[in-house]
Amino acid sequence: GKTTTLRMISGLEVPTEGEIYFDAANVADLPVQRRNVGMVFQRYALFPHMTVERNVSFGLRVRGTPKAEVDRRVDEILGVVQLEELRHRFPSQLSGGQMQRVAIARTLVTNPSVLMMDEPLANLDTKLRGEMRVFIRGLQQRLGITTIFVTHDQVEAMELADRIAVMFAGKIAQYDTPLNIFHRPASLDVARFIGAPNLFEARALSRNGEATIETPYGTLPVADLNGHADGERVDAMIRPEAVVLTVAGEASQGNLDGRIVSADFFGQATTYMVDLNGATIRADEMSNRQLGVGQPVTVRLRPEKIWIFPASRGAAGVN
């Protein structure tokens, strides 16, 4: 439903119901040419026989914009996207990131009210994607233009967005800030989609004013039962980076005894799978130390990082 949503906003698709507002104006019945929107696609679709300068100016020229105005706006936008020195090159002479900037410049030069990007970084390698995320975020903040960015990449969404809409089967499951989407997902589906959380069955317990949950790992303190009654079956989530591991010789921070089952090094972090009396939990650690398989550890699950959901059949067991 993401690309279809973009096409409805742009006017390329007609919604079967509902309204589309730009500020206070309903544009659902306006044709595409009257909406003043810009679209950047996954495929750059640059004209191979045109230089960077000619590609960028194409939209203005077909609209009959005076040449002096075309030259002024092209010069301005090439400066914004840092392509002034490449203006006379052809697409075949550009890198993937440079071609993407040309595609963005071609859209921005027409001064759209809304900028839409449909997975524009999907064809770039990992390093270049990171560089382009920084570039696009800086560009959006500099221009202050409303931007809708479609992506399957959670890191991309978290880094670029002020607000994120997570969609499943054409419906918005949660529309919120990146911080809330990550730490306070509205449903198990959202929790599973964003990152790789530990999900487990639990039961809410309130004793002497203290909020706890009974889990496969043992009884754990939590910051809040989120309105769930004492004894109610729930599902719980904790992100791997909130699982704290302590080894012999360090001041113990946990109350669960476990043993390292596996350790996978990924450069910036190490992912550990820890056995806690037959239940396995994942811990991601940003550390220079390397714990070995079979090593005993003490585990603490940070109470303020445990998030509770209504019980769902789909969350049975421990992930």
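Further up the page is the structure itself.
Residues numbered from 1 in each chain as written. Predicted model: local features only at pLDDT ≥ 70, side-chain atom pairs only at ≥ 80, totals over all residues. Heavy atoms only, no water.

Caption draft 1: The nonpolar core, seen in detail. Among the nonpolar cores identified, the biggest contains 32 residues, and V56, I104 and I136 are the most heavily contacted of them. At the level of elements, α2 (52-62), α3 (67-80), α4 (96-108), β4 (114-118) and α5 (126-143) are the ones that each hand at least two residues to this core. Other than its neighbours up to four places away in sequence, I104 contacts V40, M117, M132, F135, I136 and L139. With 30 residues, the next largest nonpolar core counts Y217, V234, L276 and L291 among its residues. (Core = buried A, V, L, I, M, F, W, Y, C linked by side-chain atoms within 4.5 Å. Buried < 20%, exposed > 50% of the residue type's maximum accessible area, 1.4 Å probe, protein only. Helix = DSSP H or I, 4+ residues; strand = E, 2+ residues; numbered from the N terminus. Contact = heavy atoms within 4.5 Å.)

Caption draft 2: Structural context of helix α1 (residues 2-10). The set of residues buried in α1 consists of L6, I9 and S10. Seen along its axis, α1 keeps its buried residues to an arc of 95 degrees; they face one direction. Contact partners of the buried residues in α1: β1 (21-22), β3 (37-40), β4 and β5 (146-150). (Arc of directions from axis to C-beta.)

Caption draft 3: Focus on the pairing of strand β15 (residues 279-285). In terms of burial, β15 is largely enclosed, as five of its seven residues are buried. Where strand β14 (residues 270-276) meets β15, seven bridges bridge the pair, whose relative direction is antiparallel. Bridge pairing in β15 links V274 to I281. Remark: two residues form the turn of the hairpin made by β14 and β15, two consecutive strands paired antiparallel; N277 in that turn has positive phi of roughly 55 degrees. (Pairing = 2+ DSSP bridges.)

Caption draft 4: Up close: the packing of α2 against α4. One can describe the packing of α2 onto α4 by two numbers: an axis separation of 7 Å at closest approach and a directional angle of 30 degrees. Considering the angle they form, α2 stands roughly parallel to α4. Crossing of α2 over α4 shows right-handed handedness. Residues V52, N55 and V56 of α2 form the contact with α4, whose own contacting residues are V102, A105 and R106. Tallied by class, the residues present in the contact of α2 with α4 amount to four nonpolar, one polar and one charged. (Axes fitted to C-alpha atoms, helices over the stretch in contact; angles between N-to-C directions. Parallel < 35°, antiparallel > 145°, perpendicular 65-115°, else oblique. Left-handed = near helix turned anticlockwise from the far one by under 90°. Nonpolar A, V, L, I, M, F, W, Y, C, P; charged D, E, K, R; others polar.)

Caption draft 5: Up close: the pattern of salt bridges. Across all of its chains, the model carries 18 salt bridges by this definition. A salt bridge links K127 to E131, with the nearest nitrogen and oxygen atoms 2.5 Å apart. Residue K127 and its partner E131 are both found in helix α5; the two are separated by four residues, about one turn of the helix. In this structure, E156 and R129 form a salt bridge, with 2.9 Å as the shortest nitrogen-oxygen distance. In this pair, E156 is assigned in helix α6 (residues 154-160) and R129 in helix α5, connecting sequence segments 27 residues apart. Looking at E156, the relative accessible area reads 1%, which means it is buried. Overlapping salt bridges, with partners in common, bring together R129, R133, D153, E156 and E159 in one network. (Salt bridge = Lys/Arg side-chain N within 4 Å of Asp/Glu carboxyl O.)

Caption draft 6: Local environment of the pairing of β14. Within β14, five of the seven residues are buried, which leaves it mostly tucked inside the rest of the structure. Of the pairings in the sheet, the one linking strand β13 (residues 256-265) to β14 comprises six bridges and is antiparallel in character. Within β14, the residue paired with S262 across the bridge is M273.

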